[in-house]
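One letter stands for each residue in the lines below.
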Amino acid sequence: MSDSSEAHAPLAEVGRYDRLAEARERALVVAAREMAHWLDREGDEWVLRVEIPAREEALRELRLFEIEQRERPPAPALAVVGKVETLSLYVFAWVMGASFFLQNIAGPQWLEQGDSSSRAIVRDGEWWRTLTALTLHADLPHVVANIATGLVFAAFVLPQLGTGITWLAIVLSGALGNAINAWGHRGEAHATIGASTAVFGALGILVGLDFAARFSSPHTRSRWQLVLPAGAGLALLAYLGVGEERDRIDYMAHLWGFAVGAGEGAIAAALQLGERVGAGVQRLAAAAALALLAAAWWLAAG
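All of the points below concern the structure found in this document.

Here the focus is the pattern of salt bridges. Counted according to the given criterion, the structure contains 13 salt bridges. Among the ionic contacts, a cluster of salt bridges with common partners joins E13, R16, D40, E42, E45 and R49.

Structure follows, in structure tokens:
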């Protein structure tokens, strides 16, 4: 929080900083301990204050943070990101566009056969709906938004996991996210459509990969370093994946896709799939991702 200290007296000063970014970083340290705090501008400095009873604890946490900052070695040079293979990105955009075109030709029946109806998935065992729903969209802006964000997130995952593993993981994150969401709405007449569950699964994969990379090094294993990727991912999820109820956004499906993707990313990093999986396995994984979607629609049509 950042209010005038005069309205909340008596307060105790625990730090003065020349830069706002530095002050906000220290304020996060205090906030992590659930202490109320205030930042005020005094001349060229930013002053961090807390309530008087919390002063000693705040100072102790800030001292520990400063010690950690001093002992941390210089940040390693950024790893060179491998070349992004763009063919699969074109395939993704084509599949989403073609699916939307077919959906509009087929009419409402296509939507009824493929949406992620919670009753159909949980009660009737129509698991393929968790996959078919990923290819259905409400309107043109919906499909365009999912294609655009999906391309961005996938482009960052591709150099780390390879083409096949990336797309298989993204498809599975969407399917599992829809399955968990359907279970959460079991007994209700709830259904959702859209690739966004998988799109946020791709975001979760990025978070999981970054978290695992930080955890693997003793220099980046501090709680502040580990909370950064999760915080950044959740912030993006909140910004892009949550809206007003009237927008008909199924934010729980987004959340479950993100959570599954984060787990997949962490597992993939732990197993070093990006380095260990050869070209042949990558091709098989890519084929499996497409085959899953095709098989799901074959079952839905039957």
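Right, picking up where we left off after that structure.
With five of its seven residues buried, strand 1 (residues 11–17) lies for the most part within the structure. Pairing geometry for strand 1 and strand 3 (residues 45–51), over six bridges, is antiparallel. The residue of strand 3 that forms the bridge with E13 is R49.

Helices that pack against each other are described as a pair by the angle of their axes relative to one another and the distance between those axes. Two elements in contact, helix 8 (residues 163–184) and helix 11 (residues 251–271), have axes whose closest approach is 8 Å; the angle formed by their N-to-C orientations is 135°. Relative to helix 11, the element helix 8 lies oblique. Where helix 8 crosses over helix 11, the handedness of that crossing is right-handed. Every residue of helix 11 that contacts helix 8 at A169, L172, S173, L176, G177, N178, I180 and N181 is listed here: M252, A253, W256, G257, V260, G261 and E264.

Orientation of helix 8 relative to helix 13 (residues 279–301), taken along the N-to-C sense of each, is 30°, at an axis distance of 6 Å. The orientation of helix 8 with respect to helix 13, classified from their angle, is roughly parallel. As helix 8 runs across helix 13, the sense of the crossing is left-handed. Contact with helix 8, carried on its side by T163, G164, I165, W167, L168, V171 and L172, involves Q282, A285, A286, A288, A289, L292 and L293 of helix 13 and no other residues of that element.

Taking 1.5 Å per residue, 20 residues should reach 28 Å; helix 3 (residues 87–106) reaches 28 Å between its end C-alpha atoms and fits that length. Contact partners of the buried residues in helix 3: helix 4 (108–114), helix 7 (140–161), helix 8 and helix 13. Backbone geometry just downstream of helix 3 places G107 in the positive-phi region, at approximately 90°.

Cut-offs applied
- Residues numbered from 1 in each chain as written.
- Predicted model: local features only at pLDDT ≥ 70, side-chain atom pairs only at ≥ 80, totals over all residues.
- Heavy atoms only, no water.
- Salt bridge = Lys/Arg side-chain N within 4 Å of Asp/Glu carboxyl O.
- Buried < 20%, exposed > 50% of the residue type's maximum accessible area, 1.4 Å probe, protein only.
- Helix = DSSP H or I, 4+ residues; strand = E, 2+ residues; numbered from the N terminus.
- Pairing = 2+ DSSP bridges.
- Axes fitted to C-alpha atoms, helices over the stretch in contact; angles between N-to-C directions.
- Parallel < 35°, antiparallel > 145°, perpendicular 65-115°, else oblique.
- Left-handed = near helix turned anticlockwise from the far one by under 90°.
- Contact = heavy atoms within 4.5 Å.
- Expected span 1.5 Å × (residues − 1).

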